[in-house]
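Chain by chain, the residues run as shown.
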Amino acid sequence: MPHSGKGAPARLLLRIGRQELDRLDELASAATVTAPLDLTLGWCRSDTVIVFTLARIGGPDAGDPPGLIAGHLRLAAAGEAPVFSPAEQQEEDARAAGCPVFVSVTAGRGKDAPRRIAARVWLAGKWHDLAAIALEGEPDAELFVGGAAPGLAAPPPDRVARFTSAFGIEAYQRLRRSTVAVIGAGGTGSIAIPTLARAGVGRLIIVDSDHVSPSNLERMHASFPEHVAARTLKAELACDHVARIDPEIAVEAWVGRLPQRAIVEAVATADVVLGCTDQQSSRLALADVARRYLVPAIDCGGLIEGANGRVTGQIVQLVRFRPGDPCPHCRKMIDPLRVRQELMSEAERTALRATAGSAPPPEAADIPQIDTVGYITTVSGTLAAGYAIGWLTGRFDPPFERMQMNLIAECLDVTNRRQAHDPACQCRALRGMADQGAEAAPFTPPDHWPPARRLET
Ligand SMILES: [Zn+2]
């Protein structure tokens, strides 16, 4: 169970997904609920942060994994601040005292006003206020800490005059409070990251395991031959790029990959995560983290179809993975053989070839190269950043589930490939289960991956 340990107390975050928010609205409009409702929550803790994820409005189920946390939810009357009466407070104290950890949430909203939430956590024998909330699709929600409404944010800089003219000053202030995690700082990531930074995103988590190589220079923004010579890490290059745009942006950069533990802990604190790698294993991990930790994700990529100078397709693809969306398996986006190949080390591949003689298994084959070019990765990364900005500001949602466009087809041949949940897939049961759903994770990081490490920024 989470405890704040000896050092500085951990920051407490609460995340609630769309289905539960819709259920809350249903309950509030019925206006018959006066007693507190039971909650079941997952959680994830790092040295500095404990993230709570609402798995369910309702008590525990027989099939739940161990370690989930109980909580209560009260509905505040419309227009009232989300605070407890002394009697409710007393009742809550008694209920929490019987648990090592207990989460208490009060939610309400004014007429045509943003949702107002107050939440606190019973931990190590006393109540702690939450530092932040993330409600899926509700960037305007107000967190009341100790009964007080949030204060006003700083005015925007001149740099974003066109942005605020289009979206409003308040949209900029939401961006400033937001965190975006970007997995992959190569072609697509190298343009998504500065686009987010220029618009005003206040905190970026950048994750990449690789350094700049010669073939990156055709696609990677802000990369130059000197970076190849110096074997500069892509994450480091992205940090420098952001610092030159706006040194006030908080950047947390990691050399590593999903789902390494430190990276999962970091991503669980983000408001949106962008998947900017071309690996199927990475896509699986991205969707799994989005679902279990309730962090909406957009996976982006692109490729050239054809060979030997004949180009038959130039595809840009964006895939939305909201916590309740079908996983990549449900969407038939995953080739299990390809995933096994990606997770295998070069030494394992060589050994497999040596022992298998003349008929090596398909795993031993080289991973097929995906061809792509700078203008495709740039379109893909820019659009992903744009849709992230839409989510973070509440101004627009990605109007697709899995969108593909073909640059050389008439009118781009844009399609939205909708795919339903596969009833046999267990992904839906994992939503909001955080670390406690880890048993069902699509894979664990293989031993040959070097440990994730955080860059000094
Ligand atoms: Zn699934």
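Everything quoted here is computed from the prediction, not taken from an experiment.

Rules used in this analysis
- Residues numbered from 1 in each chain as written.
- Predicted model: local features only at pLDDT ≥ 70, side-chain atom pairs only at ≥ 80, totals over all residues.
- Helix = DSSP H or I, 4+ residues; strand = E, 2+ residues; numbered from the N terminus.
- Expected span 1.5 Å × (residues − 1).
- Buried ≥ 20, exposed ≤ 12 C-beta atoms within 10 Å, placed from the backbone.
- Pairing = 2+ DSSP bridges.
- Axes fitted to C-alpha atoms, helices over the stretch in contact; angles between N-to-C directions.
- Parallel < 35°, antiparallel > 145°, perpendicular 65-115°, else oblique.
- Contact = placed C-beta atoms within 7 Å.
- Nonpolar A, V, L, I, M, F, W, Y, C, P; charged D, E, K, R; others polar.
- Core = buried A, V, L, I, M, F, W, Y, C linked by C-beta atoms within 7 Å.
- Domains from an automatic or database assignment.
- Left-handed = near helix turned anticlockwise from the far one by under 90°.

What follows covers helix α12 (residues 374–393). If you check α12, its first and last C-alpha atoms are 28 Å apart, about what 20 residues at 1.5 Å a residue would give, namely 28 Å. Extensive coverage of α12 is indicated by the burial of 14 of its 20 residues. One or two steps after α12, the chain reaches Gly-394, where phi turns positive at roughly 75 degrees.

The pairing of strand β6 (residues 115–123) with strand β7 (residues 126–129) spans four bridges and is classified as antiparallel. Each residue of the ladder has a partner; that of Trp-122, found in β7, is Trp-127. With antiparallel pairing between neighbouring strands as the criterion, β6 and β7 make up a hairpin whose turn holds two residues, including Ala-124 at a positive phi of roughly 50 degrees.

Below, the discussion takes up the packing of helix α4 (residues 169–176) against α12. At a minimum axis separation of 9 Å, α4 and α12 run at an interaxial angle of 105 degrees. The angle between α4 and α12 falls in the class roughly perpendicular. The residues of α12 that touch α4, namely those facing Ala-171, Arg-174 and Leu-175, are Ile-389, Leu-392 and Thr-393. Split into classes, the residues belonging to the contact of α4 with α12 amount to four nonpolar, one polar and one charged.

If you walk across this open sheet you meet the nine strands as β17-β16-β15-β14-β13-β10-β11-β12-β18, and the pairing is mixed. Since the sheet does not close on itself, it has two edges, and those belong to β17 (415–416) and β18 (453–454), each with one partner. Of the pairings in the sheet, the one linking strand β10 (residues 179–183) to strand β13 (residues 272–275) comprises four bridges and is parallel in character. When the bridges of β13 are listed, Val-182 appears paired with Leu-274. Strands in contact with helix α5 (residues 187–199) are β10, β11 (203–208), β13 and β14 (297–307); relative to β11, the strand with the most contacts, it is inclined by about 170 degrees. The sheet strands contacting α12 are β10, β13, β14 and β15 (310–321), and the helix crosses β14 at an angle near 160 degrees.

This paragraph deals with the environment of Ile-263. With respect to the element layout, Ile-263 can be found in helix α8 (residues 261–267). Sequence-wise, Ile-263 and Arg-454 are 191 residues apart; in three dimensions their C-alpha atoms are separated by 9.3 Å.

Another point: the nonpolar core. In this structure, Val-182, Ile-206, Val-267, Val-273, Leu-274 and Ala-388 are the most contacted members of the largest nonpolar core, which totals 110 residues. Of all the elements, α12 adds the most residues to this core, at eight residues. The residue makeup of this core includes at least three contributed by each of domain 1 (11–143) and domain 2 (158–334 + 372–454).

Time to look at the packing of α5 against helix α7 (residues 234–245). It is the contact of α5 with α7, at a shortest axis distance of 9 Å, that shows an interaxial angle of 25 degrees. When the interaxial angle is binned, α5 and α7 end up roughly parallel. In terms of crossing hand, the pair formed by α5 and α7 is right-handed. Contacts between α5 and α7 involve Gly-189, Ser-190, Ile-193, Pro-194, Ala-197 and Arg-198 from the former and Ala-238, His-241, Val-242 and Ile-245 from the latter. For the contact of α5 with α7, the residue count by class is six nonpolar, three polar and one charged.

What follows deals with the domain arrangement of the protein chain. How big an interface is tends to be expressed through the accessible area that disappears when the partners come together. In terms of domain boundaries, the protein chain breaks down into domain 1 (11–143) and domain 2 (158–334 + 372–454). Summarising the inter-unit geometry, the C-alpha centres of domain 1 and domain 2 are found 29 Å apart. Tallying the contact residues gives 21 residues for domain 1 and 23 residues for domain 2. Elements represented by at least two residues in the side of domain 1 that touches domain 2 include exactly β1 (11–16), α1 (18–30), β2 (37–45) and β3 (49–57).

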